[in-house]
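# Commentary on secondary and tertiary structure
Listed below, chain by chain, are the residues.
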Amino acid sequence: MAPVAILVYFYSMKIAFYSTQSYDKEYFSRYNPGYEINFLETSLREKTVKLITDETVVCVFVNDRLSAPVILALKEKGVKLIALRCAGYNNVDLAAATSAGISVVRVPAYSPHAVAEHAVAMIMTLNRKTHKAYNRVREGNFSLDRLIGFDLFGKTVGVIGMGKIGQVFAGIMSGFGCKVLVNDLFPNPDWEKQGWKIASLEEIFISADVISLHCPLTESTKHLVNKETISHMKPGVMLINTGRGALIDTGAVIEGLKTGQLGYLGIDVYEQEEHLFFRDLSENIIQDDQIMRLMSFPNVLITSHQAFFTDEALSEIARVTYENIQTFENGGMLSNAVSLSV
Ligand code: NAI
């Protein structure tokens, strides 16, 4: 039998992988087409750029901070590509990246279902208090006192941001028999065919029983939920935020919860999350008084940016991130570029 030549392709670009968690290592090792990766547990900050040796790609996540000084330092290190392993890119100074000649790619959609379904899980938990019932029953407390919820059927749900996630979420809520009001910068008349009503923000604030945020964090969406907008909302409204923390003004939300104007709050993202989330701080004294105050409310549910966290999403994130890096290395067209340096 003739000898068979086995060709193994080694990619020349090396990757500095910041904010590594155990699951990142697992999924990025499983799908690695042959890259050398420097897995770093620390997040990317000005003082951690020095950990880059000869890597020309940095792979980063939601709480890595790619400010102008960090990007300048990356340029000095010879970095050519910032590969975001997430959809949102509000943590990257795109102007700085463009002027540094560093390309930025992202994973625009890995599983809109993962995030939309998590938002629904938050609604169901806050409403039907399954988290409290679970603990009660385990302690032999079979009382139903204070576990009363409400039928979602027939309620009005407002969706702000009708991109990939917002649309999946709106579809699920239609399935519950809710009246769905949708808002987006670019409304699509086809949405009305789905039974969703295109509405202004004001209309959503005034009439929704549940409001779910699925728009990106931009200059115009920062603190979209604030003292003023909360005062327009239906008393006792349920607010769900799986978008980005700064979409809501935490101080105003705390006040809204104290007066009862906000009846429930479910957040998977938090404005100051970079100091807290993705870490085990159970033996630490947490210095963030706002999150401690939020945690003290019985009608608040906080998860630590886990809405994306499904097997399907992690696989897709790893696969698309590698695809982005390979395309860049091969000089191909970067379809997932956020800003092209060329
Ligand atoms: P997308 O880009 O498909 O959709 C965003 C939509 O928001 C677009 O239709 C856009 O027109 C709309 N929009 C932008 N500005 C708006 C404004 N001022 N008012 C109303 N609508 C506005 O994004 P996708 O994939 O649906 O994700 C949405 C957001 O969810 C991301 O930007 C990210 O911040 C967040 N996210 C959170 C995750 C988590 O694990 N918690 C995971 C993935 C994304």
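Residues numbered from 1 in each chain as written. Predicted model: local features only at pLDDT ≥ 70, side-chain atom pairs only at ≥ 80, totals over all residues. Heavy atoms only, no water.

Turning our eyes to something else, we now look at the overall build of the protein. The number of helices and strands found in the protein is 11 helices and 13 strands. A globule of 342 residues ought to have a C-alpha radius of gyration of about 20 Å, and the protein, at 22 Å, matches this closely. Seen along its three principal axes, the alpha-carbon backbone of the protein occupies a region of about 70 × 55 × 50 Å. In the protein, buried positions account for 48% of the 342 residues. Just so you have it, the protein exposes about 17000 Å², and 55% of that area is on carbon and sulfur atoms. Both charge centroids of the protein, one from 31 positive and one from 37 negative side chains, sit 2 Å from each other. (Helix = DSSP H or I, 4+ residues; strand = E, 2+ residues; numbered from the N terminus. Rg over C-alpha atoms; globule rule 2.2 N^0.38 Å. Buried < 20%, exposed > 50% of the residue type's maximum accessible area, 1.4 Å probe, protein only. Areas by Shrake-Rupley, 256 points an atom, 1.4 Å probe, with all protein chains shown as cover. Lys, Arg positive; Asp, Glu negative; His and termini not counted. Charge placed at Lys NZ, Arg CZ, Asp CG, Glu CD.)

The next thing to look at is the domain arrangement of the protein. By domain assignment, the protein separates into domain 1 (14–110 + 310–329) and domain 2 (112–302). Put simply, the middle of domain 1 and the middle of domain 2, counted by C-alpha atoms, are 29 Å apart. In this assembly, 14 residues from domain 1 lie in contact with eight residues from domain 2. When domain 1 packs against domain 2, close to 980 Å² is buried across both sides, 52% of that on carbon and sulfur atoms. Across the pair Glu274 and Arg45 runs a salt bridge, and its minimum N-O distance is 3.2 Å. Remark: the boundary between domain 1 and domain 2 carries five residue pairs in polar contact (both at pLDDT 80 or more). Along the lines of polarity and charge, the residues of the side of domain 1 that touches domain 2 split into seven nonpolar, five polar and two charged. (Domains from an automatic or database assignment. Contact = heavy atoms within 4.5 Å. Buried area = accessible area lost by both parts, 1.4 Å probe. Salt bridge = Lys/Arg side-chain N within 4 Å of Asp/Glu carboxyl O. Polar contact = N/O pair within 3.5 Å; in protein donor to acceptor, adjacent residues only side chain to side chain. Nonpolar A, V, L, I, M, F, W, Y, C, P; charged D, E, K, R; others polar.)

Attention now goes to the sheet that holds strand 10 (residues 237–241). Judged by pairing direction, the sheet is parallel, and its seven strands sit side by side in the order 8-7-6-9-10-11-12 without closing on themselves. Only two strands of the sheet have a single partner each, and these edge strands are strand 8 (197–198) and strand 12 (300–302). The pairing of strand 7 (residues 179–183) with strand 8 spans two bridges and is parallel. Following the sheet pairing, Leu181 is matched in strand 8 by Lys197. (Pairing = 2+ DSSP bridges.)

This paragraph deals with the sheet that holds strand 4 (residues 81–84). Strand order in this open sheet of six strands is 2-1-3-4-5-13, and the pairing throughout is mixed. The outermost strands of the open sheet, each flanked by one partner alone, are strand 2 (36–39) and strand 13 (337–339). Taking the axes of each pair of neighbouring strands and ignoring which way they run, one obtains an average angle of 25 degrees across the sheet. Two strands pair when backbone bridges link them, and strand 3 (residues 57–60) and strand 4 are joined in this way by four bridges, in the parallel orientation. In the strand pairing of strand 4, Val60 is matched with Leu84. Strands in contact with helix 11 (residues 311–329) are strand 1 (14–17), strand 2, strand 3, strand 4 and strand 5 (103–105); relative to strand 4, the strand with the most contacts, it is inclined by about 160 degrees. (Axes fitted to C-alpha atoms, helices over the stretch in contact; angles between N-to-C directions.)

Moving on, we come to the site of the ligand. Inspection of the region around the ligand gives 24 residues, with Lys164, Ile165, Asp184, Thr242 and Asp268 positioned closest. Gly163 is positioned such that a nitrogen or oxygen atom in its backbone is 3.4 Å from an oxygen atom of the ligand. Here an oxygen atom of the ligand sits 2.6 Å away from a polar atom, N or O, in the side chain of Asp184. Protein burial of the ligand: of its 870 Å² of free accessible surface, 87% is covered by the chains. More than half of the atoms of the ligand fall within 2 Å of the grid points belonging to the largest pocket. Each residue belonging to the shell around the ligand can be placed in one class, and the counts come to 11 nonpolar, nine polar and four charged. (Near = heavy atom within 4 Å. 1 Å grid on protein atoms, 1.4 Å probe; cavity = no way out; pocket = protein on both sides within 12 Å on 5 of 7 lines; lining within 4 Å. Sits in = over half its atoms within 2 Å of the grid points.)

With that settled, the discussion passes to the pattern of salt bridges. Within the structure shown, the criterion is met by 12 salt bridges. Among the ionic contacts, a cluster of salt bridges with common partners joins Lys14, Glu36 and Asp54.

Contact geometry for helix 4 (residues 112–128) and helix 6 (residues 164–175): axes closest at 8 Å, N-to-C directions at 45 degrees. The angle between the axes of helix 4 and helix 6 places the two elements in the oblique class. Relative to helix 6, the crossing made by helix 4 is right-handed. Contacts between helix 4 and helix 6 pair Pro112, His113, Val115, Ala116, Glu117, Ala119, Val120 and Ile123 from the former with Lys164, Ile165, Val168, Phe169, Ile172 and Met173 from the latter. (Parallel < 35°, antiparallel > 145°, perpendicular 65-115°, else oblique. Left-handed = near helix turned anticlockwise from the far one by under 90°.)

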